[in-house]
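The residues making up each chain are set out below.
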Amino acid sequence: MAHRARLVWATGGVLLSLTLLAGCGLAPQPVVTRLPPAASGTSAAPSANPTPSGTPTDATPTTPAPGTSASVAPGDASVTACGDGGAATVTGSERSVRVDGTCTRLTVSGSAITVDASAATIATLTMSGDRLRVTASAVDDATVQGNDTSLTVSGTLGRLDLSGDRATISTGGALGTLVLRGQDSVVTAGGGIGTSTVEGRGNSVG
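## Notes on the side chain of Ser150
Assignment of secondary structure puts Ser150 in strand S5 (residues 150-153). Residue Ser150 is classed as buried on the basis of its relative accessible area of 17%.

In structure tokens, the structure reads:
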């Protein structure tokens, strides 16, 4: 009898355990929604107004303030150099330059340089080199050194000191003072020549 009672208790315990387990398995479980992780980096939005990689260079030459000096670099085809009372230096070879304004001093040195200063007035002009060509409206004092040079002045030329061979000097107005050393040069002045000193052969002055 005791054995039978233990069997009934054991059977009832097993049934109770199974009932509890079944109840746990049938109970609804909470639903967990998992979102994908955010991207590790974001791309920046393109700018509506992109900045240019560089600013355009203004190729227009500037005019220096009165009393300053401007140096014309090789390769410049045209330049306003003197402004009002400035000075300019043109150097190099095989090039053409335009000079405007009122120049206290204009220096041209090198070879095969052509300077158009027909719109400029020049107080002191210095030319040093071969095959230099300068055209000006008026020059107070000019010093020319070299061979095969040319100076054309539409107005007056106050003083000319010329050293070299085969130079051509022409003024539309008067030439105040001439000093010439060299050969086969031609100097003409529409307004006449004041005083002249000529050394060398084959020169023509008048």
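Now that the structure is up, let's keep going.
## Some details on the environment of Arg166
Tracing the chain through its elements places Arg166 in the loop between strand S6 (157-163) and strand S7 (168-171). Separated by 37 residues in the primary sequence, Arg166 and Asn203 have C-alpha atoms spaced 8.5 Å apart. Apart from the residues lying within four places of it in its own chain, the contact partners of Arg166 are Asn147, Asp148, Thr149, Gln183, Asp184 and Ser185. Engagement of the side chain of Arg166 in a polar contact is seen with the side chain of Asp148, the distance being 2.8 Å.

## Quick notes on the side chain of Ser185
Secondary-structure assignment places Ser185 in the loop between strand S8 (175-181) and strand S9 (186-189). Judged by its relative accessible area of 0%, Ser185 is buried. In contact with Ser185, other than residues within four places in its own chain, are Leu162, Gly164, Asp165, Arg166, Ala167, Leu180, Gly202, Asn203 and Ser204.

## Observations concerning the environment of Ser118
With respect to the element layout, Ser118 can be found in strand S3 (residues 101-130). C-alpha separation for the pair Ser118 and Thr152, spaced 34 residues apart in sequence, amounts to 9.0 Å. Residue contacts for Ser118: discarding those within four places in its chain leaves Thr135, Ala136 and Ser137. Looking at Ser118, its side chain comes within polar contact range of the side chain of Asp116, at 2.7 Å.

Here is what the cut-offs are and how they apply
- Residues numbered from 1 in each chain as written.
- Predicted model: local features only at pLDDT ≥ 70, side-chain atom pairs only at ≥ 80, totals over all residues.
- Heavy atoms only, no water.
- Helix = DSSP H or I, 4+ residues; strand = E, 2+ residues; numbered from the N terminus.
- Buried < 20%, exposed > 50% of the residue type's maximum accessible area, 1.4 Å probe, protein only.
- Contact = heavy atoms within 4.5 Å.
- Polar contact = N/O pair within 3.5 Å; in protein donor to acceptor, adjacent residues only side chain to side chain.

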